[in-house]
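Per-entry structural report
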Number of protein chains: 2
Amino acid sequence: MTVEEDQMRKPKYIQIVEYIKEKIAKGEWAIGDRIPSQRALAKLFDVNRSTVISALDELTADGLIEGKSGKGTVVIHNTWTLMGHTSSTNWNENIALGIHKASMETVQKINEAESENDLIQLSKGELSPDIFPLKKMRSVVRKVSDRLEPFGYEVPKGNLQLRQAISEYLKKAGIHASPSSILVVSGALQALHLISIGLLQKGSTVFLEKPSYLYSLSMFQSMGMDLKGLPMDGEGLVLSSIYQPKSKNSVLYTIPTFHNPTGKLMQEKRREELIQFCVKEQLPVIEDDVYRELWIDSPPPAPLKANDHHGNILYLGSLSKSLSPGLRIGWVVGSESVIDRLADLKMQSDYGSSTLSQQVAAEWLSSGLYEDHLLFVREQLKIRRGTALGALETYLSPYATWEIPKGGFFIWIKIKPAFQLRNLFQKALAKGILLNPGSIYAEQSGQSIRLSYAYASLEEINEGIFRLGEMIKNRE
Amino acid sequence: MTVEEDQMRKPKYIQIVEYIKEKIAKGEWAIGDRIPSQRALAKLFDVNRSTVISALDELTADGLIEGKSGKGTVVIHNTWTLMGHTSSTNWNENIALGIHKASMETVQKINEAESENDLIQLSKGELSPDIFPLKKMRSVVRKVSDRLEPFGYEVPKGNLQLRQAISEYLKKAGIHASPSSILVVSGALQALHLISIGLLQKGSTVFLEKPSYLYSLSMFQSMGMDLKGLPMDGEGLVLSSIYQPKSKNSVLYTIPTFHNPTGKLMQEKRREELIQFCVKEQLPVIEDDVYRELWIDSPPPAPLKANDHHGNILYLGSLSKSLSPGLRIGWVVGSESVIDRLADLKMQSDYGSSTLSQQVAAEWLSSGLYEDHLLFVREQLKIRRGTALGALETYLSPYATWEIPKGGFFIWIKIKPAFQLRNLFQKALAKGILLNPGSIYAEQSGQSIRLSYAYASLEEINEGIFRLGEMIKNRE
């Protein structure tokens, strides 16, 4: 008896159930898709509509489909999402409603659009391929391959040579950290993930600048943490705006150097005040310092961590912004017991980062090639910033204001009230320009734009800003 | 006024508080450490003991230290763990008490001992450096470096060339999966991490073999999942032991091929029954198939996934066991909507795996070098298994029983009741032998051993088993 014959012997309504289950399971009918009409199914299986209705009833009872008035019957689950359903809901239950949910959709749209080559990418927080040090990278990888020894699992905190190289490297920024107080991570984002699952808890208060990059990650909110946005002035975060930090579950997340998305640089005096304030209030600090090396005019003040005499600061650094995100190498520096805990969590989540990437990163840092490369990156960013500022001045000055960033990738542009457009992001996208609307960083008005001059070519930067100006001028 | 003078002006008790806080914060006094006695502190600061007591009272109120009767005063927190404290507790609250907690301590001890070079490593689930294909790996890395193009972030599911190579590779095992239904992960462990945070939820029931590798990971238990261990017979998992799978939050985790820790191989008939059972019961399955390629006598039956016509199985594979864990490359195969969800979680946790590792893995798979290498691995494992079985026969047959594994790394040894020793693991360690006691895999008796023949040299395997035999014979 063939499978098909076996199939034929089953009651028709079961055949229909199995047919639909298979379509759903294989993903041919995706969640949200409308399934064929009862009429069409009746015809396909050569049965009465009542037989089709029996089958659909069973699938509805199983939770796989749902009849929606005016929309026919749609797929709502497959066996896996059925299981994960409540979980997914839990995972997201604490994402603030309304504006924030919409932002997350925008973030997803941006992520998708970032792989479209015909768009002018004014959104990417990533260096242009033109700045990628291809020759040097090839030679570093070749060197690593020549020296390669059999490699297995790394120790929990990461490759020792790399941690030694990071320890040396950090000294230049005034941070004295032994390799045992450094954890290698797969980018600073992973550090935030580990902190969110291992150190914070549901109900923890996370103070942060508003707007902030952190708002664009659903991670913290989805774990049930309470984000409390604080205003910034020209010097950085406004300290007096932090109230009630006494809860033992509070933490401050800050990007003091070339802040994402505003490009702001926290001044030295404010840094000192912040350190003192946080020690006094026993408010632990996550210092996200991934843009440090991307200064254009002059080196930024020392990191907060350099003046942390109380082990109060967890410091995040990375090669993603300055060398390549594809290496997936970043680091966390903190007091040893916290680093031990994070290392344990890292082992539980991925058994450590790629040995090859770690060796390549170690070679970049210890050979001096990284420092050389940074000189080139800074030159290029200066040119790019100049082009962007020039175009803004020419095409956007009647309609918007901005500050000149002293480093990093971003110019934070505020459209003047009289010229604000609805759906700025979508309209720009329709004109072939991808940019990040302020709303994803919890900017209330939604009439700010984070414009990156790091990725697009000079021509594209100019053209993109021109089109933006035209769009606003013509109120399209 | 110098900092020191400033320091001197402060009341003595505050000086003591700050001194201790700094020691703790910098990790010089670790959590669990006893701080100096009141007498010693009084002497150090030239004050009365009452002043020291005031300082210690303040630190106790802050939650940093605690007086323990008979143990003096110990450090219990620093500012970071203070914050994370309740979180850590939550994270662990569902780890079963007693035996399981002890197991976790054993796991940590094993992890530490695995980097000690003077031990005979009969515990490592990892190929010996002697089997590492150094020449081939160098040439693959060199090839990748020659072909290197500027690289940034990868798409969420991972490098397309690698996913295509995995898709092709899986066909040989009878799995037909398009690249869009494959997610590249940093090892199979990361897949489990993503599943635990994204698809399962607190209270989900996870059916699994008992003993199982999964018990040695605190991950699932710590997320509040309920592990329900099922017995195995000579054919594999005993299906009739699965009861109440109807809950929508249940999942089956199985290692059907060269099971960890028992080495068992699920037979073809049992596989068919299992697939049917799980489809009928709508019980989703996680098939952990990381040992598949390590067959010694003959190829194992097709993976469950090869006969999954309902998208009911999430399939995990990896290069860690057969090539190198240091690459951190594994994969998950499932229906597209689930893979999309896991890819999104992966992006949220680390923005994807290392591009270099992915390119190197793609080259191994697509060049045919991986297949060549596997021939060598199987030969070597056959020799190693032979040595281990020979030594067991000679030195351990009066005291223990075992089955001959048909592949993989492990022999599961059961000490006969008359010869059971307390603290077998510690006693073996004292004799210079590191092995994994059955207790960490939730083996109730604790008188089983997972012995790996993959890592130690042939001489060490023989010597280790000899010492084990002596230990049991002499009841040491």
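Because the structure is predicted, anything quoted here is derived from the model rather than measured.

Let us now look at the sheet that holds strand 16 (residues 436–437) of chain A. Residues and elements named next belong to chain A. The strand order 13-14-17-16 describes an open sheet built from four strands, whose pairing is antiparallel. Across the chains shown, the open sheet's two edge strands, defined by having one partner strand only, are strand 13 (400–402) and strand 16. Here five bridges tie strand 14 (residues 410–415) to strand 17 (residues 448–452), and the two strands are oriented antiparallel to one another. Of the residues in strand 17, the one forming a bridge with Lys414 is Ser448.

This next bit is on the pairing of strand 11 (residues 313–318) of chain A. All names here are of chain A. Most of strand 11 sits inside the fold, with six of its six residues counted as buried. In strand 11, alternate side chains face the same way, and those of Ile313, Tyr315 and Gly317 on one face and Leu314, Leu316 and Ser318 on the other are all buried. As defined by bridge partners, strand 10 (residues 285–288) adjoins strand 11 across four bridges and the pair is classed as parallel. In the sheet register, Glu287 faces strand 11, and the bridge partner there is Tyr315.

Right, let's talk about the domain arrangement of chain A for a bit. By a frequent convention, interface size equals the accessible area lost on bringing the separate parts together. Residue and element names in this part refer to chain A. Taken domain by domain, chain A consists of domain 1 (3–89), domain 2 (105–129 + 373–473) and domain 3 (133–367). The C-alpha centroid of domain 3 is placed 26 Å from the C-alpha centroid of domain 2. With 26 residues of domain 2 in contact, the opposing surface of domain 3 contributes 25 residues. Counting only elements with at least two residues in the side of domain 2 that touches domain 3, the list comes to helix 14 (369–396) and strand 14. Looking at the side of domain 2 that touches domain 3, the element that brings in the most residues is helix 14, giving seven residues.

Helix length check: helix 14 of chain A, at 28 residues, gives a terminal C-alpha distance of 39 Å against a target of 40 Å (1.5 Å per residue), a fit within 8%. Buried residues along helix 14 of chain A sit against helix 13 (355–367), strand 13, strand 14, strand 17 and helix 16 (458–473) of chain A.

Bringing the relation of the copies chain A and chain B into the picture now. Both copies of the chain are related by one operation, a rotation about an axis with a shift along it. Laying chain A over chain B is done by rotating through 180 degrees and shifting 0.0 Å along the axis; what remains is an RMSD of 0.3 Å. Both chain copies can therefore be described as sitting about a two-fold axis. The C-alpha atom lying nearest the rotation axis in chain A is that of A:Arg142; the distance is 2.8 Å.

Across the boundary between the two partners, chain A contributes 80 residues, which contact 79 residues of chain B. Looking at the side of chain A that touches chain B, the elements with two or more residues in it are helix 2 (12–25), helix 5 (79–92), helix 7 (134–147), helix 9 (188–198), helix 12 (336–350) and helix 13 of chain A. Looking at the side of chain A that touches chain B, the element that brings in the most residues is helix 5 of chain A, giving 10 residues. Grouping the constituent residues of the side of chain A that touches chain B by class yields 31 nonpolar, 37 polar and 12 charged.

If you look at the biggest cluster of nonpolar residues, it comprises 239 residues, and the most contacted ones within it are A:Val332 and B:Val332. Apart from residues lying up to four places away in sequence, A:Val332 is in contact with A:Leu183, A:Val185, A:Ala191, A:Leu314, A:Tyr315, A:Leu316, A:Ile339 and A:Leu342.

Procedures and definitions
Throughout, a residue's number is its position along its own chain's written sequence, starting from 1. Chains and ligands are labelled by the order in which they are written, letters from A for the one and numbers from 1 for the other. Predicted model: local features are reported for residues with pLDDT of at least 70 only, side-chain atom pairs are reported and counted for 80 or more only, and whole-chain, interface and lining totals are derived from all residues. Pairs of strands are assigned from DSSP output, requiring at least two bridges between the strands. By the criteria applied, helices consist of DSSP H or I runs no shorter than four residues and strands consist of E runs no shorter than two, each listed in order from the N terminus. Exposed residues have 12 or fewer other C-beta atoms within 10 Å of their own C-beta, buried residues have 20 or more, and partly exposed residues fall in between, where C-beta atoms are placed from the backbone. For the purposes of this description, domain bounds are those given by an automatic or database domain assignment. Throughout, a pair of residues is in contact if the C-beta atoms placed from their backbones lie within 7 Å. Expected helix span is computed as 1.5 Å times (number of residues minus one). All copies are superposed by least squares; the fitting set is the C-alpha atoms of residues with a pLDDT of at least 70 in both. Throughout this entry, Asp, Glu, Lys and Arg are counted as charged residues, while Ala, Val, Leu, Ile, Met, Phe, Trp, Tyr, Cys and Pro are counted as nonpolar. The remaining residues, Gly among them, count as polar. Buried Ala, Val, Leu, Ile, Met, Phe, Trp, Tyr and Cys residues whose C-beta atoms connect them within 7 Å together make up a nonpolar core.

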